[in-house]
Amino acid sequence: MNTLLDSLHKRARSLPLSPGVYIMKDKKGKIIYIGKAKQLKNRVSTYFIDNAKRDRKTQKLVERINDFDYIVTPKEIDAFVLETSLIKQHRPKYNILLKDARGFNYIKITGGAYPRLRYVLQANEPDAEYIGPYVGGFFVKQSVEDANRIFMLPSCNRRFPDDFNKARPCLNYGIKRCMGVCLGKIPEDEYKSIVEAAVDYIKKGSKASVAALTIEMENAAEKLNFEKAARIRDRIAAMKSVDTVQSVIASKLTDYDVIASFCDDQKAAIAVVKYSGGRLVDKESFYIGDEYDLQKMFGDFLLEYYSETAPTEIYIETELEDIEIFEEYFRNECGHKVKLITPKRGEGLSQIMLAKSNAAEFLTLKIGRKSKELTALDELSGLLGLKKSPKYIECYDISNIGESTKVGGMVVFKDGKPFKAAYRKFTIKDVEGLDDYGCMKEVIQRRFSRYNNNDEGFSTLPDLILLDGGIGHVSAVKSVLDGMNIDVRLFGLVKDSRHKTRAVVATGEEIQIKANKNTFTLLTKIQEEVHRFSVTFAREKHKKDSFALSLTDVPGIGEAKAAALLKRFKTKQALKQATIEQLREAAKINQEKAEELKKFIDEAF
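The following paragraphs examine the structure supplied in this document.

Procedures and definitions
- Residues numbered from 1 in each chain as written.
- Predicted model: local features only at pLDDT ≥ 70, side-chain atom pairs only at ≥ 80, totals over all residues.
- Heavy atoms only, no water.
- Helix = DSSP H or I, 4+ residues; strand = E, 2+ residues; numbered from the N terminus.
- Buried < 20%, exposed > 50% of the residue type's maximum accessible area, 1.4 Å probe, protein only.
- Contact = heavy atoms within 4.5 Å.
- Areas by Shrake-Rupley, 256 points an atom, 1.4 Å probe, with all protein chains shown as cover.
- Core = buried A, V, L, I, M, F, W, Y, C linked by side-chain atoms within 4.5 Å.
- 1 Å grid on protein atoms, 1.4 Å probe; cavity = no way out; pocket = protein on both sides within 12 Å on 5 of 7 lines; lining within 4 Å.
- Points joined across faces, edges and corners; volume = space filled by probe spheres on them.
- Nonpolar A, V, L, I, M, F, W, Y, C, P; charged D, E, K, R; others polar.
- Pairing = 2+ DSSP bridges.
- Axes fitted to C-alpha atoms, helices over the stretch in contact; angles between N-to-C directions.
- Parallel < 35°, antiparallel > 145°, perpendicular 65-115°, else oblique.
- Left-handed = near helix turned anticlockwise from the far one by under 90°.
- Arc of directions from axis to C-beta.
- Salt bridge = Lys/Arg side-chain N within 4 Å of Asp/Glu carboxyl O.
- Phe/Tyr/Trp six-rings, centres within 6.5 Å; stacked < 30°, edge-to-face > 60°.
- Lys NZ or Arg CZ within 6 Å of the ring centre and 35° of its normal.
- Expected span 1.5 Å × (residues − 1).
- Polar contact = N/O pair within 3.5 Å; in protein donor to acceptor, adjacent residues only side chain to side chain.

**Considering the overall build of the chain**
For the chain, the count of helices and strands is 20 helices and 19 strands. With 605 residues in all, the chain has 45% of them scored as buried. Look at the contacts in the chain between residues 6 or more apart in sequence, and 63% of them connect residues 24 or more apart. Accessible surface for the chain amounts to roughly 31,700 Å². Of this, 49% is attributable to carbon and sulfur atoms.

**Structural notes on the nonpolar core**
I259, I288, F301, L302, Y306, I314 and I316 are the most contacted members of the largest nonpolar core, which has 29 residues in total. At the level of secondary structure, the elements contributing two or more residues to this core comprise α4 (76–90), β8 (267–276), β9 (279–290), α10 (294–305), β10 (313–316) and α11 (323–334). If you tally residues by element for this core, the top one is α10, at six residues. Excluding residues that lie within four positions of it along the chain, I288 makes contacts with I96, A268, A269, I270, M297 and F301. Among the nonpolar cores identified, the runner-up in size contains 28 residues, and I109, C182, V195 and I202 belong to it.

**Some details on the layout of surface pockets**
Space inside the largest pocket adds up to approximately 740 Å³. Around the largest pocket sit 30 residues that line it, and K36, R43, Y47, D293 and K296 are the ones nearest its centre. At the level of elements, β2 (31–37), α2 (40–45), α3 (56–64), α4 and α10 are the ones that each hand at least two residues to the lining of the largest pocket. Broken down by class, the residue content of the lining of the largest pocket amounts to eleven nonpolar, six polar and 13 charged.

**Quick look at the sheet that holds strand β1 (residues 20–25)**
Sheet strands pair by backbone hydrogen bonding; their relative direction is either parallel or antiparallel. With antiparallel pairing, the three strands of this open sheet are ordered in space as β2-β1-β3. Since the sheet does not close on itself, it has two edges, and those belong to β2 and β3 (67–72), each with one partner. Adjacent strand axes in the sheet meet at a mean angle of 20 degrees, parallel and antiparallel pairs treated alike. Pairing between β1 and β2: six bridges, direction antiparallel. Residue I23 lies in a different strand from β2, and its bridge partner there is I34.

**Some thoughts on the packing of α4 against α10**
One can describe the packing of α4 onto α10 by two numbers: an axis separation of 10 Å at closest approach and a directional angle of 70 degrees. Taken together, α4 and α10 sit at an angle that is classed as roughly perpendicular. Crossing hand, α4 versus α10: right-handed. Packed against α4, whose contacting residues are F80, E83, T84 and I87, the element α10 presents D300, L303 and E304 at the interface. Class assignment of the residues belonging to the contact of α4 with α10 gives a composition of three nonpolar, one polar and three charged.

**As for the packing of helix α14 (residues 436–452) against helix α15 (residues 471–483)**
Orientation of α14 relative to α15, taken along the N-to-C sense of each, is 35 degrees, at an axis distance of 9 Å. The handedness of the crossing between α14 and α15 comes out as right-handed. When α14 is examined against α15, the residues D436, Y437, M440, K441, I444, Q445 and F448 are found in contact with a partner set consisting of G472, H473, A476, V477, S479, V480 and L481.

**Examining the sheet that holds β10**
Spatially, β9-β8-β7-β10-β11 is the arrangement adopted by the five strands of the open sheet, whose pairing is mixed. On the outer flanks of this sheet lie β9 and β11 (339–341), each paired with one strand and no other. Geometrically, the sheet is characterised by an average inter-axis angle of 20 degrees between neighbouring strands, direction not taken into account. Of the pairings in the sheet, the one linking β8 to β9 comprises ten bridges and is antiparallel in character. From the neighbouring strand, V272 faces β9, where its bridge partner is E284. Packing against the sheet, α10 makes contact with β7 (256–264), β8, β9, β10 and β11, and its axis sits at approximately 135 degrees to β7.

**Remarks on α3**
Within α3, the full set of buried residues consists of K57, L61 and V62. In a view along the axis of α3, the buried residues occupy a sector of 130 degrees, so they form one face of it. The elements touched by buried residues of α3 are α1 (3–12), β2 and β9.

**Let's talk about empty space enclosed by the protein**
Overall, the coordinates contain three cavities of 30 Å³ or more when judged by the stated rule. Each pocket or cavity is described by its volume, and for the largest cavity that value is around 80 Å³. In this structure, the largest cavity is lined by E83, T84, I87, N95, I96, D300, L303 and E304. Elements that contribute at least two residues to the lining of the largest cavity include exactly α4 and α10. Of the residues belonging to the lining of the largest cavity, the class tally is three nonpolar, two polar and three charged.

**Remarks on the pattern of salt bridges**
Any two side chains of opposite charge can pair if their charged atoms end up close together. The final tally for this structure, using the stated rule, is 25 salt bridges. The closest approach of N and O atoms between E125 and K108, which form a salt bridge, is 2.7 Å. Remark: K108 occurs in strand β4 (residues 105–109) and E125 occurs in the loop between β5 (117–120) and β6 (129–134); sequence separation between them is 17 residues. Given a relative accessible area of 35%, E125 falls into the partly exposed group. For K108, a relative accessible area of 10% corresponds to the buried category. The closest approach of N and O atoms between E510 and R502, which form a salt bridge, is 2.6 Å.

**Re the packing of aromatic side chains**
Inspection of every chain in the model, using the stated rule, returns 21 aromatic pairs. In textbook terms, an aromatic cluster arises when at least three aromatic residues are bridged by ring pairs, as seen for F80, F286, F301, Y305, Y306, F326, Y329 and F330. The cationic tip of K414 hangs over the ring face of F419; the distance from NZ or CZ to the ring centre is 4.8 Å.

**Quick notes on helix α12 (residues 346–367)**
Taking 1.5 Å of rise per residue, the 22 residues of α12 would be expected to cover 32 Å, and the 32 Å separating its terminal C-alpha atoms lies within 8% of that figure. Of all the positions in α12, only G348, Q351, I352, A355, A359, A360 and L363 are classed as buried. Tucked into the core, α12 has its buried residues touching β7, β8, β9 and β10.

**What about the environment of K36?**
Position of K36 among the secondary structure elements: in strand β2. Judged by relative accessible area, which is 15%, K36 ranks as buried. If we skip the residues at most four places from it in the chain, K36 touches G20, V21, Y22, R43, A79, F80, E83, D300, L303 and F326. A polar side-chain atom of K36 sits 3.4 Å from a polar atom in the side chain of E83.

Written as structure tokens, this is what we have:
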């Protein structure tokens, strides 16, 4: 029993059911977390319930809490404001703190008679104009490149008008990527109007620019200036060509942000993709660290990120429980209405997926998983003599609790990572007694029978099959695979005396893996995961079966009725809370039997 948790829980239960802010402190009295709550009593109490299911981040926080304080606020919106203010003041360790370095990027419009568009990292020339700053350099570079190409602006190092007619035009002029300012035939006022149009294209997006240029083209044609009209026509065509190959053009012309997260290996990152005038203009990515509740993580992030200003619309991947409070808070802080939107389909959902992809790429680089995992798979392929790197690996284990509970577990590792959507559980049905080889054969037989029968849940043929066992398991399973014409390489994972992965075995000869660090780490992880999965399933099934069996002690309740009750109520707690009428209906028994059953449940559980 944790006496500190008990003491803190008792204090928390005495808090008021009022909105407010709570402040967690460590042994030294340092503030390590600040949170807000609709009801302080209920929210703070959840931290101190012993054996409560917690995410990784919250568990780390709870382990360090030694004391807490709180501040009651009149309304929930006041708690939002106070929480944000206190986080800025104290910068607690376990709050989201956006520390990722923000490098600044600018689009520079040089001074002089013939200005140029440039991508720069500093805005330090007083006679130049700048667009920005932007955090993401990709958009800035791409925008300058597109604008220079569409409007045929010079990108060489010649100085105008000083270098007029001093040399032959460069290759860009020959391939119609430059208007040939060096020939001295473009008047200064016309050139500047073209640069202004290019700047408008960057600021407002292609749709607004196309509309403006179309009017200008029509006016030129009406004045019989067909040469100018043709040049504008070519610019419009170039813009549309760029839009065709870019997937970052949106139908909405307003300014808005799209925010999504990616979580992997219990770590999380969030990406913010910014749109302006229907065009993707910037992107920021942030490493959150330990993954935790998605709604809470997004709420914390929004309050930290939009501490001073926010666009009128923010698209987020998950709906927030207190969305009206968030919108009221941002309206008060930013001075204008801010709408939080969770798209379910269409373009909005596509943009959420783009942001999620950016978050995934950032997290991959941040924690260095991808390269390590691919290296391990390549190393494993060479070690086992496989024709290709095993991208899809299945591993099996058998677990039993006496003779009454026998199960099998199948885990899948895709690209070196657990692919939990493909995990499968098997209850052993046909094997009598404690026969590990027989159980493994039954599991493999059932799994690949489903594959041969085109069962959608078992439709993928693995690149490699691993068994938690030695040569005996491999031999038993190989005969099953051969009989079903399943051509997949098969190996067993051998453990040492401390139940740690020691080697791989196929036909009697062990392949040592400890010298290959990446392979050893990957195979150990796979073997530990399949063992955990199968043992957990065995314990759950045994507990469930024992629970159902105890109900048969009630006269008139057989195995079928016990199973029906368990299917309806799932847990002892739910069963205990059931009314007599609910028990009668679930077990299909009369009133007298239902009353007997209710009495038994209340006394036994």
